[in-house]
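Listed below, chain by chain, are the residues.
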Amino acid sequence: MTRRRALGFVLLFAFVALAGCTSAFGPSPANQDALTQNESYGWNTDVNASINITGGSYEAVYRVDNRSEFVVHRRDGLQRDRPLAISALKFQYPNGSVVTAASPKLNATNEQERTVIDLPARDGRVAFEASAQGKQFVTQTFVPGSYAVTIPKGMRVDYEPLARVDPGDYETERTASGHVRIHWENVESDSVAVRYYLQRDLYIFAGGLAVLVVVALVGVLYYLRQIRGLEAERRRASPDENRRDDP
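Source: prediction; values computed, not measured.

Peer 1: Before we move on, could you go through the sheet that holds strand β18 (residues 191-195) and cite the residues and values that matter?
Peer 2: On the basis of which strands lie adjacent, the open sheet formed by three strands has the order β12-β18-β15 and antiparallel pairing. The open sheet has two free edges, formed respectively by β12 (136-140) and β15 (164-166), since each of these has just one partner strand. Going across the sheet, the axis of each strand differs from the next one's by a mean of 10°, ignoring polarity. Across three bridges, the pairing between β15 and β18 is antiparallel. Counterpart to R164 in the pairing with β18 is R195.

Peer 1: Pulling in residues and values, what's your account of the side chain of S146?
Peer 2: The residue S146 is located in strand β13 (residues 145-150) in this model. Among the polar contacts made by the side chain of S146, one reaches the main-chain amide nitrogen of N48 at a distance of 3.0 Å. Ignoring anything within four residues of it in the chain, the contact list for S146 reads D46, V47, N48, A49, H183, W184, E185 and N186.

Peer 1: Give a detailed account of the packing of aromatic side chains, specifying residues and quantitative values.
Peer 2: This structure, assessed with the given rule, holds eight aromatic pairs. Between Y62 and F70, the aromatic rings sit 5.2 Å apart at their centres with planes inclined by 40°, giving tilted as the arrangement. Residue classification places F70 among the buried positions, given a relative accessible area of 0%. Taking the centre distance of 6.3 Å and the plane angle of 80° together, the rings of F70 and F142 count as edge-to-face. With F70 in strand β4 (residues 69-72) and F142 in the loop between β12 and β13, this pair connects stretches of sequence that are 72 residues apart. Each member of the pair, F70 as well as F142, carries the same accessibility label: buried. Among the aromatic residues, ring-to-ring pairing joins Y62, F70, F128 and F142 into one connected group.

The rules behind the values
- Residues numbered from 1 in each chain as written.
- Predicted model: local features only at pLDDT ≥ 70, side-chain atom pairs only at ≥ 80, totals over all residues.
- Heavy atoms only, no water.
- Pairing = 2+ DSSP bridges.
- Helix = DSSP H or I, 4+ residues; strand = E, 2+ residues; numbered from the N terminus.
- Axes fitted to C-alpha atoms, helices over the stretch in contact; angles between N-to-C directions.
- Polar contact = N/O pair within 3.5 Å; in protein donor to acceptor, adjacent residues only side chain to side chain.
- Contact = heavy atoms within 4.5 Å.
- Phe/Tyr/Trp six-rings, centres within 6.5 Å; stacked < 30°, edge-to-face > 60°.
- Buried < 20%, exposed > 50% of the residue type's maximum accessible area, 1.4 Å probe, protein only.

In structure tokens:
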């Protein structure tokens, strides 16, 4: 029985390990069809990391300096590092020429906790596309320095708790296309997070808050009336006490 129990623990541990690892037996190439998808990027950016959220996905352009590989990852629900599923991988040389993942010089590999992008040069810009969910965006900070996140058109980050921008030392501006662009001069935290909302969400939130206030006021008035009614009944039930209180 002891051997069987030990064997069961070993099998269970192996199953959990394999289920939690994207590449349990070593690195594996990323999806080549996804990597070679075509996408147009805004290479002319004044920040080290430029991220444009388009709805269900985002486009990221990072400046790389003196590195042969660029490592990215995501955090799962248990805050564990996992490979980041990327597509439309491209690299821009300092002279402005661009290569795609169709070139053997640019490729990506998924490891157990990260995705490693092999770069064709040590300096330049690397760009890719990845998925985004709902009205919230979170990314790890893969490069130091300045960041910019452009949220979808019509979205706002003006009022909490509907909005959240972290880290807090940021500025916003409206682009020529009507998008809100959030800019950090120097990000020192290990992640950037933005929660945004539609203008109509603010009206819905304000309307719901107003209803709650009215319901709360009605409830307070009701209980005050009940208390006064009970006090009046107590006075009527104790006439002698009321006489003793009279001068």
